[in-house]
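Examination of the molecular architecture
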Amino acid sequence: MSAIAAKYVGKPLASFYHLSPSLPSRSLDLGGCNFNSQASYVGEMYGATDLLQSVTGPIEAEKPMIVELAVAAMEELMRMAQAREPLWVPSENVTEVLNEEEYLKTFPRGIGPKPLGLRSETSRESAVVIMNHVSLVEILMDVNQWSTVFCGIVSRAMTLEVLSTGVAGNYDGALQVMTAEFQVPSPLVPTRENYIVRYCKQHSEGIWAVADISLENLLPSAISRSRRRPSGCLIEELPNGYSKVTWVEHIEVDDRSVHNLYRRLVDSGLAFGAKRWVATLDRQCERLASSMAINIPAGDLCVITTPEGRKSMLKLAERMVMSFCTGVSASTAHAWTTLSTTSSDDVRVMTRKSMDDPGRPPGIVLCAATSFWIPVPPKRVFNFLRDENYRSEWDILSNGGEVQEMAHIANGRDPGNCVSLLRVNSKNSNQSNMLILQESCTDTTGSYVIYAPVDVAAMNIVLSGGDPDYVALLPSGFAILPDGPERSPVEIIDVGSGGALLTIAFQILVDSIPTAKLSLSSVATVNSLIKCTVERIKAAVVMGETA
């Protein structure tokens, strides 16, 4: 298949219309090949099984068609990334919007017409990031790196088959068939699952692009609630190790089951759109640059200056953030149970058994999460939650003890982007002091404050540059999102400046014996804990905003 892919990749599109006659009779307009009259309707889609578990990869007869789709997607992506009016037109709420009528004229083929009941969601965003083009391509083409860097957006991903590894020792011409699940950090927003082919191509010296396109319509029985039209990013090399990234997201989705709290955010395109991808990439590039920094000035006594200690602590914090993000969404891998249905602050719980994982304590872990709206700007909520001086106002487990920052690593331009080691000085002399590892991060599309209690001896090893993989973590924390796009001056006068959507999630070891059953008292305790924390946050932040 590598030879076949290399043979087709880079040829004019016309050459793809002479593929093997032995292939099944299928049009390139795949929109009509597997969506029967019933499956095209949204109502039939809610009974769909987990797409990520049902897909095993392409059959041999489909592979030439997949190559053809990938090349067509790359051509469309390049034009979408570089075009101006009339394809993209200015808009008041967002930078620009796609002219769908012009799009259909420009790209009449592709994966066919939009199925009934799906809504189009298209966005484009550009930024200059502190990473060279070679490293960016590697992140996008390595599914593990991609899932790590974008862990707040990608909840699960897997490469099913590599059709081409590329040529000349790099990813030029690489083709991968993948599954991916995309998320918003809240159990109230359904995830989006896709079966895609990813194609990487070098167009000229220093100009690369990575394109995705959906393959769900090749599956005989799968019914997907979302599909990706040609999406991806164009990467342009800049001097001094920087790159310009232009990101395009073009999705068709059934999102009727999104909770009303998140409706405005999702409808605006900020939840899954290009702006969120680019903002996340920009922040992660800064974080990586920080981890590789040398000659850190001592300055503040809390700053960790040794490269080994910084690298180990950042690696541990990265694992903590990934663990939090994979356990807070409405992923189909999770079985959430709602504890109450009396308000918008319903608490969702699930349990996990942790065994033979050196990075987690063994036993039954109870995960609880809830999302709610708060009439305070997201930036203020973020600054309140990340500040150790206010922690006693909401953190019940600290028992009102004084919280002191023991170590600090800045990892971005914004002072809110940092990793901290906190010590809770207990008021009770009979109790030992507790250490907390915390990472706070923020960008224009959202913020996180994530923390976990850590063992003192284990952290001493990490700060000395030791292996952080064996430090047991059970992260809890907050995901803070805007409740929609920035409001216009007229909207601010009418309805105010908007608020924040706050998701709070706890992970608690309720039994150290993996075979034990979860007791009702454990569920009641964590339910009370999370609701009490919510009330404390609402009271403290709203009162502060009013003052």
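To be clear, the structure that these remarks concern was listed above.
First things first, this report covers the structure right here in the doc. No experiment lies behind these values; they were computed from the predicted model shown.

Rules used throughout
- Residues numbered from 1 in each chain as written.
- Predicted model: local features only at pLDDT ≥ 70, side-chain atom pairs only at ≥ 80, totals over all residues.
- Heavy atoms only, no water.
- Helix = DSSP H or I, 4+ residues; strand = E, 2+ residues; numbered from the N terminus.
- Buried < 20%, exposed > 50% of the residue type's maximum accessible area, 1.4 Å probe, protein only.
- Contact = heavy atoms within 4.5 Å.
- Areas by Shrake-Rupley, 256 points an atom, 1.4 Å probe, with all protein chains shown as cover.
- Core = buried A, V, L, I, M, F, W, Y, C linked by side-chain atoms within 4.5 Å.
- Salt bridge = Lys/Arg side-chain N within 4 Å of Asp/Glu carboxyl O.
- Pairing = 2+ DSSP bridges.
- Polar contact = N/O pair within 3.5 Å; in protein donor to acceptor, adjacent residues only side chain to side chain.
- Axes fitted to C-alpha atoms, helices over the stretch in contact; angles between N-to-C directions.
- Parallel < 35°, antiparallel > 145°, perpendicular 65-115°, else oblique.
- Nonpolar A, V, L, I, M, F, W, Y, C, P; charged D, E, K, R; others polar.
- Phe/Tyr/Trp six-rings, centres within 6.5 Å; stacked < 30°, edge-to-face > 60°.
- Lys NZ or Arg CZ within 6 Å of the ring centre and 35° of its normal.
- Expected span 1.5 Å × (residues − 1).
- Arc of directions from axis to C-beta.

The subject of this paragraph is the overall build of the protein chain. In terms of regular secondary structure, the protein chain is built from 13 helices and 19 strands. Looking at the 547 residues of the protein chain, the share that counts as buried comes to 53%. Across the protein chain, every contact between residues at least 6 apart in sequence was considered, and the portion connecting residues at least 24 apart equals 69%. Just so you have it, the protein chain exposes about 23900 Å², and 53% of that area is on carbon and sulfur atoms.

Take the nonpolar core next. Counting 44 residues, the largest nonpolar core has Trp-146, Phe-150, Trp-247 and Tyr-262 as the members making the most contacts within it. Non-local contacts of Tyr-262, meaning those with residues more than four positions away in its chain, are made with Val-184, Ser-186, Leu-188, Val-189, Ser-371, Leu-481, Leu-501 and Thr-503. With 33 residues, the next largest nonpolar core counts Met-78, Leu-163, Ala-211 and Leu-218 among its residues.

Our focus in this paragraph is the pattern of salt bridges. On inspection of all chains with the given rule, the structure shows 25 salt bridges. Across the pair Glu-161 and Lys-63 runs a salt bridge whose closest N-O atoms are separated by 2.5 Å. With a gap of 98 residues between them, Glu-161 in strand 4 (residues 154-164) and Lys-63 in helix 3 (residues 63-82) connect regions that are remote in the sequence. Here Lys-63 falls in the buried class, since its relative accessible area comes to 3%. For Glu-439, the salt bridge goes to Arg-287, with nearest N and O atoms at 2.9 Å. Highlighted residues: Glu-439 in strand 16 (residues 434-443) and Arg-287 in helix 8 (residues 274-291), separated in sequence by 152 residues. Residue Glu-439 is classed as buried on the basis of its relative accessible area of 4%. Residues joined in a network through salt bridges with shared partners are Arg-119, Glu-121, Arg-192, Asp-255, Arg-263 and Asp-267.

A word on the pairing of strand 17 (residues 446-454). With respect to burial, strand 17 is a largely interior element, 8 of its 9 residues being buried. Relative to strand 17, strand 16 is paired through 9 bridges, and the arrangement is antiparallel. Across the sheet, residue Gln-438 finds its bridge partner in strand 17, namely Tyr-451. Between strand 16 and strand 17, which pair antiparallel one after the other, the connecting turn spans 2 residues. Taken together, the 5 bridges between strand 17 and strand 18 (residues 476-482) define a ladder with antiparallel strand orientation. Looking across to strand 18, one finds that Val-449 is bridged to Phe-478.

Further remarks concern the environment of Glu-161. Overall, the relative accessible area of 23% leaves Glu-161 in the partly exposed class. Each C-alpha atom of the pair Glu-161 and Val-197 lies 9.5 Å from the other, and the pair is 36 residues apart in sequence. Side chain to side chain, Glu-161 and Lys-63 meet in a polar contact 2.5 Å long.

In this chain, Glu-85 is followed by Pro-86 through a cis amide linkage whose omega measures 10°. Residue Asn-240 is not a glycine yet carries a positive backbone phi of 65°. Topologically, Asn-240 is positioned in the loop between strand 9 (231-237) and strand 10 (243-253). By relative accessible area, which is 76% here, Asn-240 ends up exposed.

Moving on, we come to the packing of helix 8 against helix 9 (residues 307-326). Across the interface, helix 8 lies against helix 9 with an axial gap of 9 Å and an inter-helix angle of 150°. In terms of orientation, helix 8 and helix 9 fall into the roughly antiparallel class. Between helix 8 and helix 9, the contacting residues are Arg-287, Ser-290 and Ser-291 on the first element and Arg-310, Leu-314, Ala-317 and Glu-318 on the second. For the contact of helix 8 with helix 9, the class distribution of residues is 2 nonpolar, 2 polar and 3 charged.

This paragraph deals with the packing of aromatic side chains. The full count for this structure, using the stated rule, is 11 aromatic pairs. Geometrically, the ring pair formed by Phe-182 and Trp-277 is edge-to-face, given 5.9 Å between the ring centres and 70° between the ring planes. Placement of the pair is Phe-182 in strand 5 (residues 175-182) and Trp-277 in helix 8, with a sequence separation of 95 residues. Grouping residues by exposure puts Phe-182 and Trp-277 together as buried. Taken together, the aromatic side chains of Trp-146, Phe-150, Phe-182, Trp-247 and Trp-277 make up a single cluster linked through ring pairs. In this arrangement the basic side chain of Arg-192 is found over the ring face of Phe-272, its NZ or CZ atom lying 3.8 Å from the centre.

Okay, the environment of Thr-306 next. If you trace the backbone, Thr-306 turns up in the loop between helix 8 and helix 9. Considering only alpha carbons, one finds Thr-306 and Ser-464, 158 residues apart in sequence, at a separation of 8.3 Å.

Residue placement: Thr-122 occurs in strand 3 (residues 119-129). The class of Thr-122 is buried, set by a relative accessible area of 19%.

Closest axis-to-axis distance for the helix 9/helix 11 (residues 456-463) pair is 7 Å, and the angle between their directions is 130°. By the angle class used here, helix 9 and helix 11 are oblique. Between helix 9 and helix 11, the contacting residues are Gly-309, Ser-312, Met-313 and Leu-316 on the first element and Met-459, Val-462 and Leu-463 on the second. Broken down by class, the residue content of the contact of helix 9 with helix 11 amounts to 5 nonpolar, 2 polar and no charged.

Glancing now at helix 8. Here helix 8 is 18 residues long and its end C-alpha atoms lie 26 Å apart, about the 26 Å a rise of 1.5 Å per residue gives. Most of helix 8 is tucked away: 15 of the 18 residues are buried.

Within a regular beta strand, the side chains point alternately toward one face of the sheet and then the other, so they alternate between its two faces. With 11 of 12 residues buried, strand 13 (residues 363-374) lies mostly within the body of the structure. Bridge count between strand 12 (residues 348-354) and strand 13: 7 bridges; the pairing is antiparallel. Bridge pairing links Met-350 to Cys-367 in strand 13.

As a further point, take helix 11. When we look at burial in helix 11, the residues that qualify are Ala-458, Met-459 and Val-462. Taken end-on, helix 11 shows its buried residues confined to a sector of 95°, consistent with a single buried face. Along its buried surface, helix 11 packs onto helix 9, strand 15 (418-425), strand 16 and strand 17. Its side-chain oxygen 3.2 Å from the backbone nitrogen of Ala-457, Asp-455 forms the N-cap of helix 11. Gly-465, located one to two residues past helix 11, shows a positive phi value of around 95°.

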